[in-house]
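Now for the letters of each chain:
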Amino acid sequence: MNRGPRRPSAASDWIRRARDVMPGGVSSPVRAFGAVGMEPLFAASGKGARIFDEAGRGYLDYVLSWGPLILGHAAPPVVEAVTRAAREGMSFGACQAREVELAERVAAWVPGVEMVRFVNSGTEATMSAVRLARAATGRDLILKFAGCYHGHADAFLVVAGSGVATLSLPDSPGVPAATSGLTLTAPYNDLEAVAAVFAEHGARLAAVIVEPVAGNAGLIPPREGFLEGLRDACDRAGALLIFDEVMTGFRVARGGAQERYGVAADLVALGKVLGAGMPVAAYAGPRELMRRMAPEGDVYQAGTLSGNPLGMAAGIAQLDELERTDPFDGLERRAATLVDGIVAAASARGIPACGTALGSMWGVFLSDGPVFDFDDARRADTDLFARYYRACFERGVFFAPSAFEAGFLSTAHTDADVAETLGVVGEALDAALEAAPDAAPEGAG
Ligand SMILES: *Cc1c(COP(=O)(O)O)cnc(C)c1O
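All of the points below concern the structure found in this document. (Residues numbered from 1 in each chain as written. Predicted model: local features only at pLDDT ≥ 70, side-chain atom pairs only at ≥ 80, totals over all residues. Heavy atoms only, no water.)

**Here's the deal with the nonpolar core**
Grouped together as the largest cluster of nonpolar side chains are 76 residues, with contacts concentrated most on Y388 and F399. Formed jointly, this core draws a minimum of three residues from each of two domains, domain 1 (11-73 + 327-434) and domain 2 (76-324). In this view, F399 contacts Y62, V63, I342, W362, Y388, Y389, C392, T421 and V425; residues no more than four positions away in its chain are not counted. F145, L205, I220 and F374 belong to the second-largest nonpolar core, a separate cluster that totals 36 residues. (Core = buried A, V, L, I, M, F, W, Y, C linked by side-chain atoms within 4.5 Å. Buried < 20%, exposed > 50% of the residue type's maximum accessible area, 1.4 Å probe, protein only. Domains from an automatic or database assignment. Contact = heavy atoms within 4.5 Å.)

Below you can see the structure in the form of structure tokens.
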């Protein structure tokens, strides 16, 4: 063992050591902060709305572990439930009451859900939902939308959002052409393109998978009629509609986007908020479909740690706290205050900006808008974003380190936190403009 002492202020030391033993020094690419030209944040702890780095600096956190922490960091009901569960055993590989309790809550909250299969990541949830859809339809093709991210399974790394967009990787080496060839794509919010895909391939389409509110290309809401149009197209072609609600579930409304938009999916993928920061995800749907899964049916999917007791305990505690406090309207109002404030601060400085708040998800693009799809999103000024981003971070506000990620809000964020954030945003925009390349003196080479 050759582990150095843990010195609180030596973040650069951790970064150096991390890069030595982990690709890019990270366990997931977007954590490297490459798109904003910064060194990664090494988190030491979190409490409520704030995350603290190894040097003890606190930041108002709008990343919230990329979505799961809707009650903020180290929420007491979640911590207590997980601690209690840990004392009783870390994993059993056997059935336990907590799985039933969480599955019953999901079925009660999420429209159309009668049965749930727990897995360990959103990637597993979407991957398995597609497997089930292919089995149920006897077809192989799927349709996804440009800029939507459904995890890193082979089938989804085709014009994907999130880290893939941030790094400008169109697809990924290592994905066989035979696999990516089964994934068709269309621009988000574009029903004409969808109709064209169905006209040519409808009879071979197993499923359409969609983020019902796109959150991995920045935040892009569905245009009126888009989700209904997908529902119609799937019904007519005999394809299944999969809502990937890993991000939107328990965020855009209590029951997710199905509830908010009144459009029913055939299968839904859940994650993030479901596990309250533990590696918990699920796919779910009506009994008729879910019964195709082994051991009731013939479609195989399994997991050593699936339904893990700590994860189940965390999920139950978080959902129960949401049930008890019903914070959804308040979260949306506060998110709207934040977005309106950022857009106003940008506009006041002549910077084009547009944004949206949907439940406890929010997003701002540094462009005129409107933003309906991934191409629109990519018109945002990423250089200006990076300068603005760094200035916010230096002033103690932690947004997602990419122009192509949604922001989040927790019940721990107060009006005062939002006001403080808006103060920082104003200063940061000024700093970003001052640092702008076009402010360089004439003739500078
Ligand atoms: C985060 C995310 C995933 C992937 O979940 P992981 O747990 O990171 O595998 C899938 N779909 C959407 C919409 C997501 O936001």
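**Description of the site of the ligand**
Near the ligand, the surroundings consist of S121, G122, T123, Y149, H150, G151, E211, N216, D244, V246, M247 and K272. In this structure, N216 approaches the ligand through a side-chain N or O atom, which is 3.1 Å from an oxygen atom. At 2.6 Å, a side-chain N or O of D244 approaches a nitrogen atom of the ligand. Against a free-state accessible area of 380 Å², the protein chains account for coverage of 82% of the ligand. Residue composition of the shell around the ligand, by class: 3 nonpolar, 6 polar and 3 charged. (Near = heavy atom within 4 Å. Polar contact = N/O pair within 3.5 Å; in protein donor to acceptor, adjacent residues only side chain to side chain. Areas by Shrake-Rupley, 256 points an atom, 1.4 Å probe, with all protein chains shown as cover. Nonpolar A, V, L, I, M, F, W, Y, C, P; charged D, E, K, R; others polar.)

**Side note on the pattern of salt bridges**
Across all of its chains, the model carries 22 salt bridges by this definition. With a shortest N-O distance of 3.1 Å, R50 and E420 are connected by a salt bridge. Here R50 is found in strand β2 (residues 50-53), whereas its partner E420 is found in helix α15 (residues 415-434), with 370 residues between them in sequence. Between R254 and E323 there is a salt bridge, with the nearest N and O atoms lying 2.7 Å from each other. In this pair, R254 sits in the loop between β8 (240-244) and α9 (257-261) while E323 sits in helix α11 (residues 309-325), placing the two residues 69 residues apart along the sequence. Bridged by salt links that share partners, the residues D13, R16 and R17 form one connected network. (Salt bridge = Lys/Arg side-chain N within 4 Å of Asp/Glu carboxyl O. Helix = DSSP H or I, 4+ residues; strand = E, 2+ residues; numbered from the N terminus.)

**Some details on the packing of helix α12 (residues 328-348) against α15**
One way to put it is that α12 packs onto α15 with a least axis distance of 10 Å and a crossing angle of 20°. With respect to their mutual orientation, α12 and α15 come out roughly parallel. Two packed elements cross with a definite hand, and for α12 against α15 that hand is right-handed. Seen from α12, the contacting residues are R334, T337, L338, G341, I342, A345 and A346; seen from α15, they are D415, V418, T421, L422, V425 and L429. Residue composition of the contact of α12 with α15, by class: 8 nonpolar, 3 polar and 2 charged. (Axes fitted to C-alpha atoms, helices over the stretch in contact; angles between N-to-C directions. Parallel < 35°, antiparallel > 145°, perpendicular 65-115°, else oblique. Left-handed = near helix turned anticlockwise from the far one by under 90°.)

**Considering the packing of aromatic side chains**
For the structure shown, the criterion picks out 17 aromatic pairs. On the numbers, 6.0 Å between centres and 10° between planes, the contact of F33 with F398 is stacked. Linking F33 in the loop between α1 (11-21) and β1 (43-47) with F398 in strand β13 (residues 397-398), this pair joins segments that are 365 residues apart in sequence. With a relative accessible area of 3%, F33 lands in the buried category. Between F385 and Y388, the aromatic rings sit 6.3 Å apart at their centres with planes inclined by 65°, giving edge-to-face as the arrangement. Within this pair, F385 and its partner Y388 are both found in helix α14 (residues 382-394), separated by 3 residues, close to a single helical turn. Through a chain of ring-to-ring contacts, three or more aromatic side chains come together here, namely F33, Y59, Y62, W362, F385, Y388, Y389, F393, F398 and F399. It is R223 that lies over the ring of F372; its NZ or CZ is 3.6 Å from the centre. A cation over a ring is seen here: R254 above W109, with NZ or CZ 3.9 Å from the ring centre. (Phe/Tyr/Trp six-rings, centres within 6.5 Å; stacked < 30°, edge-to-face > 60°. Lys NZ or Arg CZ within 6 Å of the ring centre and 35° of its normal.)

**Side note on the environment of R379**
Mapping R379 onto the fold places it in the loop between α13 (374-377) and α14. Spatially, the C-alpha atom of R379 lies 8.9 Å from that of F365, the residues being 14 residues apart in sequence.

**As for the sheet that holds strand β12 (residues 361-365)**
Whether parallel or antiparallel, the strands of a sheet pair through hydrogen bonds between backbone atoms. Read from one edge of the open sheet, 3 strands run β11-β12-β14, paired in antiparallel fashion. The strands lining the two open edges of the sheet, one partner per strand, are β11 (354-358) and β14 (407-408). As judged from the 5 bridges shared by β11 and β12, these two strands associate in the antiparallel manner. Paired with G355 across the bridge in β12 is V364. (Pairing = 2+ DSSP bridges.)

**Concerning the sheet that holds strand β10 (residues 281-285)**
Taken together, 7 strands build an open sheet; the order of strands is β4-β10-β9-β8-β7-β5-β6 and the sheet is mixed. Edge positions in the open sheet fall to β4 (115-119) and β6 (183-186), since each of these has one partner strand only. When the angles between neighbouring strand axes are averaged without regard to direction, this sheet yields 20°. Pairing between strand β7 (residues 205-210) and β8: 4 bridges, direction parallel. Its bridge partner lying in β8, V210 is registered against F243.

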